[in-house]
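# Structural overview for review
Given next are the chains, with one letter for each unit.
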Amino acid sequence: MKLGATALVLLALAPSALSACTSPSSPSSSVKGAGVDRLVAEGPSALTGISVVAATGREAAVPAGEWARVAPLVAARRLSRPEAPAAYGLDHPRARLVYRRRAGGELDVEVGADSFDGHLVYARRATEATVYLLAADTLRPYLALVGVALPPPG
Amino acid sequence: MVLGAAVVVAANFGAVRSDRQIDLSASRRFTLSPESRALARAVPAPLHITAFLNTGAPAARDARFLLSRYHELNHRITASVIDPDTHPGEARRLGVGHYATVVLTYRGRRVDAPDAEELEVSTAVLRLLRGGTKTVCALTGHGEPDLADTSPDGLSEAATALRRNTFEPVPLDLTTGPNAAVPAGCAAVLELGARQPLLTREVEALAAYAKSAGRLLVVASPLSSADPNPLVAPWGMHFLGGLVLDPARSQGVDQSDVVVEDLPSVNPVDEGVGRLEFPAGGGVAADRGLRDGLTVSVLARTSDRSYVAPHPETSIAFGPDSVPGPVAVAAAADDSRVEATGEQRVPGVSGPRVVRTRVVLTGADTWLTNGFIDHLGNRRLLLNAVGWLAQEEPLVAATSRPNLSRPLPLTPERRARILVVTVGLVPGAIVGAGLVVAALRRRAVR
């Protein structure tokens, strides 16, 4: 009987608890979402090569000593409800990062436009629709190898 | 038991259907300040607020909550929170290059706020409503505290507060140059605590400016050798000097650190000002028998137990030459008169015109320094005074960020009240209740 009454009271309090969950949080200066998303999960030891291919067809290999900077490839953010690829320059990617796996096969990461503030760059796996944001500072030196310039943020 | 559960269920489901909210937080952080509420209600046409924030972050949730408070008060205000990473085209269209930028648009005008906080948003709303910034000229050259000085004795906070409220304070030096004259672009002239006397040419220039529909804020101080009376006397006010002491309403043991609780005027300068803290101030007097068109309002005065010690350097005790309280410490003069010529509404024809002079005088200057401007209602008094002088509508942006400390000045008067309640009334009530119970029991036994 007591257990049933407690359950009833909890049930009754549920709407209030739910509405309390939507109340504002503590003041926060953070503007970036938390969590780690990886476009490429493999580390350097699982790869046989990484290259950069510009939209013009120009291609360059990422030096083996620098693979650890882009493998695994960690995203700053994953967009949960993205617009059409054209909004992010992913309908005509300006470059691709090609990862060759030791186990066989390749993984292409398409690189699109800069974000609104120039700190990030849109990217996605060639076979998926999910859009990610990568740190422009990470990609800048490798895209420069094939003549793709990422201007520093203003 | 069942009845109790039914009541709880009914209360909760009833509450879910209602959108009424009660803010029980100590600092009322989920409620807009009175200034912001007044601003929101004053918006007469559609105003849209767009905040650019990462919609997955807590800041976006806080922004939605804040902006919905404005919409609840006035449905002409609409708001949206846009994620600039998800919608970069919208961010580029509005030229937004930083997270947390808030874009407000109203009647074709646009103002950006740097953050989705109440103070920033309200400041931007005020800028939109006023449509522009007015220049206020702060007199320099006599040891006045600097508008850029961030030390406790400086005026940087006052300058920031003015800027947030669409006034741009600029220094005005009348001591040099071929002829001393107040520039036409000054919406008001602020004399914020001169330490040395003004030159004769400056006094003449300011007197001429005031006479021709000028606006003056004169912040006097008994610690200064400058005499403000040549500037304010033509407008029915006098600075008495001396040192105001208030044994009943002062902060701590310093009786010259006066807490002013009597703000008797209906003048907009007192609007929203509850109490003031005026340390080391002198008295102010409003003249009697004023000419037609001139009105003087006492804005703030001390308690009945206060007095002005005329020679504080020798004694601060009440003496035969002391001026008994209540003592005015701030006053405002408004003079409207008709001049024969000057009206230019009809091109080429100069007809009679109405000339309006406004002057505000305070007997202390420390109250608006960085060390004191956030004490009690000091900041609001400054904004109200400048707004009234510049003939802006009586609106101010939220005067400062919410303060987590809520000071209650423990004046001797208040301490006496606490003593009466805690030592007299509460124990007395307990003893009285005991006596009543005892008497009732005795009657029942009989």
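Residues numbered from 1 in each chain as written. Chains lettered and ligands numbered in written order. Predicted model: local features only at pLDDT ≥ 70, side-chain atom pairs only at ≥ 80, totals over all residues. Heavy atoms only, no water.

Secondary structure assignment for chain A yields three helices and nine strands. Its helices and strands taken in sequence order, chain A reads α-β-β-β-α-β-β-β-β-β-β-α from the N to the C terminus. For chain A, buried positions account for 38% of its 154 residues. Once local pairs closer than 6 in sequence are excluded, the contacts in chain A between residues at least 24 apart make up 56%. Within the structure as shown, chain A displays about 8,100 Å² of accessible surface, and the carbon and sulfur contribution to it stands at 59%. (Helix = DSSP H or I, 4+ residues; strand = E, 2+ residues; numbered from the N terminus. Buried < 20%, exposed > 50% of the residue type's maximum accessible area, 1.4 Å probe, protein only. Contact = heavy atoms within 4.5 Å. Areas by Shrake-Rupley, 256 points an atom, 1.4 Å probe, with all protein chains shown as cover.)

As a further point, take the packing of aromatic side chains. On inspection of all chains with the given rule, the structure shows four aromatic pairs over all chains. On the numbers, 5.0 Å between centres and 90° between planes, the contact of Phe 116 of chain A with Tyr 99 of chain B is edge-to-face. With Phe 116 of chain A in the loop between strand E7 (106–114) and strand E8 (120–125) and Tyr 99 of chain B in the loop between helix H4 (88–93) and strand E3 (102–106), the pair connects residues from two separate chains. Residue classification places Phe 116 of chain A among the buried positions, given a relative accessible area of 9%. Ring geometry for Phe 278 of chain B and Trp 367 of chain B: centres 5.4 Å apart, planes at 15°, overall stacked. In this pair, Phe 278 of chain B sits in strand E12 (residues 276–279) while Trp 367 of chain B sits in the loop between strand E18 (351–362) and helix H9 (378–389), placing the two residues 89 residues apart along the sequence. Taken individually, Phe 278 of chain B and Trp 367 of chain B each receive the classification buried, so the pair is uniform in this respect. The cationic tip of Arg 69 of chain B hangs over the ring face of Phe 65 of chain B; the distance from NZ or CZ to the ring centre is 4.1 Å. (Phe/Tyr/Trp six-rings, centres within 6.5 Å; stacked < 30°, edge-to-face > 60°. Lys NZ or Arg CZ within 6 Å of the ring centre and 35° of its normal.)

In this section: the confidence of the model for chain B. The predicted model of chain B averages 88 in pLDDT, with 91% of residues at 70 or higher. For this predicted complex, the interface score ipTM comes out at 0.76, while the overall pTM is 0.66. (pLDDT = per-residue confidence, 0-100.)

Here we come to the nonpolar core. In this structure, Leu 192, Leu 217, Phe 278 and Leu 382 of chain B are the most contacted members of the largest nonpolar core, which totals 42 residues. With seven residues, H9 of chain B is the largest single contributor of residues to this core. (Core = buried A, V, L, I, M, F, W, Y, C linked by side-chain atoms within 4.5 Å.)

Residues and elements named next belong to chain B. If you walk through the whole model with that rule in mind, you get 28 salt bridges over all chains. Notably, a salt bridge pairs Glu 90 with Arg 93, separated by 2.7 Å at the nearest N-O pair. Remark: Arg 93 and Glu 90 occur in helix H4; sequence separation between them is three residues, near one turn of the helix. Classification of Glu 90 by relative accessible area gives partly exposed; the value is 26%. (Salt bridge = Lys/Arg side-chain N within 4 Å of Asp/Glu carboxyl O.)

Residue and element names in this part refer to chain B. Applying the stated criterion to the full structure yields one disulfide over all chains. Two residues share a disulfide in this structure: Cys 137 and Cys 186, whose sulfurs sit 1.8 Å from each other. Here the S-S torsion is close to -85°, and the disulfide linking Cys 137 with Cys 186 is therefore left-handed. Here the residue Cys 137 occupies a position in strand E5 (residues 134–139), and Cys 186 occupies one in strand E7 (residues 186–192), the gap between them amounting to 49 residues. Both residues of the pair, Cys 137 and Cys 186, count as buried. (Disulfide = S-S within 2.5 Å.)

Moving on, we get to the sheet that holds strand E10 (residues 243–245) of chain B. All names here are of chain B. Across the sheet, which stays open at both edges, the three strands sit in the order E10-E15-E16 with antiparallel pairing between neighbours. The sheet is open, and its two edges are formed by E10 and strand E16 (323–324), each paired on a single side. Pairing of E10 with strand E15 (residues 307–309) involves three bridges; the strand directions are antiparallel. The residue bridging Leu 243 from the neighbouring strand is Ala 309, located in E15. (Pairing = 2+ DSSP bridges.)

On to the packing of helix H6 (residues 156–164) of chain B against H9 of chain B, then. Residues and elements named next belong to chain B. Here H6 crosses H9 at 50°, and the two axes come no closer than 10 Å. Between H6 and H9, the crossing angle belongs to the class labelled oblique. The two elements H6 and H9 meet at a crossing, and its hand is right-handed. Residues Glu 157, Ala 158, Ala 161 and Leu 162 of H6 form the contact with H9, whose own contacting residues are Arg 379, Leu 382, Leu 383 and Val 386. (Axes fitted to C-alpha atoms, helices over the stretch in contact; angles between N-to-C directions. Parallel < 35°, antiparallel > 145°, perpendicular 65-115°, else oblique. Left-handed = near helix turned anticlockwise from the far one by under 90°.)

As a further point, take the sheet that holds strand E2 (residues 77–82) of chain B. Residue and element names in this part refer to chain B. With respect to topology, four strands assemble into an open sheet ordered E2-E1-E3-E4, the strand pairing being mixed. What marks the edges here is a single partner per strand, and that holds for E2 and strand E4 (109–113). Between one strand axis and the next, the sheet turns through 20° on average, direction left out of account. Sheet topology note: the strand E1 (residues 47–52)/E3 ladder contains five bridges and is antiparallel. Looking at E3, one finds that Thr 50 is bridged to Val 103. Packed onto the sheet, helix H5 (residues 118–130) meets E1, E3 and E4 and runs at close to 160° relative to E4.

Let us now look at the environment of Phe 167 of chain B. All names here are of chain B. Tracing the chain through its elements places Phe 167 in strand E6 (residues 167–172). Judged by relative accessible area, Phe 167 falls into the buried class, the value being 1%. Between the C-alpha atom of Phe 167 and that of Ala 390, which follows or precedes it by 223 residues, the distance is 9.2 Å.

The grouping of Val 420, Val 421, Leu 425, Val 426 and Ile 430 of chain B at the surface amounts to a nonpolar patch, some 450 Å² of accessible area in total. Its location among the elements puts Val 420 of chain B in helix H10 (residues 412–445). (Patch = residues over 30% accessible without salt bridge, like charges linked within 9 Å, V, L, I, M, F, W, Y side chains within 5 Å.)

Next up on the list: the environment of Ser 221 of chain B. Residue and element names in this part refer to chain B. Among the structural elements, Ser 221 can be located in the loop between strand E8 (215–219) and helix H8 (229–232). For Ser 221, a relative accessible area of 4% translates into the label buried. The sequence separation of Ser 221 and Arg 195 amounts to 26 residues, and the corresponding C-alpha distance is 8.2 Å. Among all residues touching Ser 221, those that are not within four sequence positions of it are Arg 195, Phe 239, Gly 363 and Asp 365. Within polar-contact distance, the side chain of Ser 221 engages the backbone nitrogen of Leu 223 at 3.0 Å. (Polar contact = N/O pair within 3.5 Å; in protein donor to acceptor, adjacent residues only side chain to side chain.)

Attention now goes to H9 of chain B. All names here are of chain B. Given a rise of 1.5 Å per residue, 12 residues ought to cover 16 Å, and the 17 Å separating the end C-alpha atoms of H9 matches this to within 8%. Burial within H9 is extensive, with 12 of its 12 residues counted as buried. Downstream of H9 by a residue or two, Gln 391 has a phi angle that is positive, lying close to 55°. (Expected span 1.5 Å × (residues − 1).)

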